[in-house]
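Residue-level structure breakdown
Listed below, chain by chain, are the residues.
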Amino acid sequence: MVLVMHLSKKGEYAIRALTEFGIEAVEHPGGLLQIATVAARTKVPEKFLEQILLALKNAGLLVSKRGVDGGYRLNREPEEIVLGEVIRLLDGPLAPVPCVSQSAFEPCNCPDPDTCGLRLSMQKVRDAISGILDDYPLSRLVDEVQQKRRERNATMQFDI
């Protein structure tokens, strides 16, 4: 049986980490981030983060440099990375049930798949989820996070 869409801790942490790499790419183009820095910023356990960053590197989303001045950085521009790609990479298909998955299809056991109400409705759910996530670039997420941080910092200044 194929697992259906579920945002795991691995997927969640990958999005958090990529957001930090995206911010770094905007603020310091070409700059590297060390695992310890990303772990501290994202509150992700360092050992778990190492596994996630390796998966992202193997998928071509990150590049690394070894050594004292080493670290990771994005391998592509933030606007070229979409959340759907990242979630599929770490968590598998976006479909809520296997019989509507485009990448991991498994036939269902209902009597008539063409008229199955569950299948028809879950296909719409899959289309909505993938429509949003495949049209949600990391650059937009970075912009939104930076804007929220600026708003929070401005509010905190007035509270003092």
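Just above sits the structure.
Below or above, wherever it landed, is the structure these notes cover. (Residues numbered from 1 in each chain as written. Predicted model: local features only at pLDDT ≥ 70, side-chain atom pairs only at ≥ 80, totals over all residues. Heavy atoms only, no water.)

A word on the pattern of salt bridges
Cut-off, in case you're wondering: Salt bridge criterion: a side-chain nitrogen from Lys or Arg within 4 Å of a carboxyl oxygen from Asp or Glu. Helix and strand labels come from DSSP, where a helix needs a run of H or I of at least four residues and a strand needs a run of E of at least two; each type is numbered from the N terminus. Note on classification: 1.4 Å probe, protein chains only; a residue is buried when its accessible area is under 20% of the maximum for its type, exposed when over 50%, partly exposed between these limits.
Per the stated rule, a full pass over the model turns up 7 salt bridges. The partner of Lys9 in a salt bridge is Glu12, and the shortest N-O contact between them spans 3.3 Å. Of this pair, Lys9 and Glu12 both sit in helix H1 (residues 9–27), 3 residues apart, which is roughly one turn of the helix. Assessed through its relative accessible area of 48%, Lys9 is described here as partly exposed. Among the ionic pairs, Asp127 bridges to Arg126, the shortest N-O distance being 2.5 Å. According to the relative accessible area criterion, Asp127 is partly exposed, its value standing at 40%. A single salt-bridge network, built from bridges that share partners, covers Lys9, Glu12 and Arg16.

A word on helix H5 (residues 117–133)
Heads up, the condition is: Take the number of residues in a helix, subtract one, and multiply by 1.5 Å to get its expected span. The reported arc concerns the directions from the helix axis to the C-beta atoms and nothing else. Any two residues whose heavy atoms approach within 4.5 Å are treated as being in contact.
End to end, H5 covers 24 Å across 17 residues, agreeing with the expected 24 Å (1.5 Å per residue, within 8%). For H5, the complete set of buried residues consists of Arg119, Met122, Arg126, Ser130 and Leu133. All buried residues of H5 lie within an arc of 70° about the axis, which places them on one face of the element. Facing away from the buried surface of H5 by more than 90 degrees, the exposed residues are Lys124 and Ile132. Buried residues along H5 sit against helix H4 (83–91).

These values are about where atoms sit, not about what they do.
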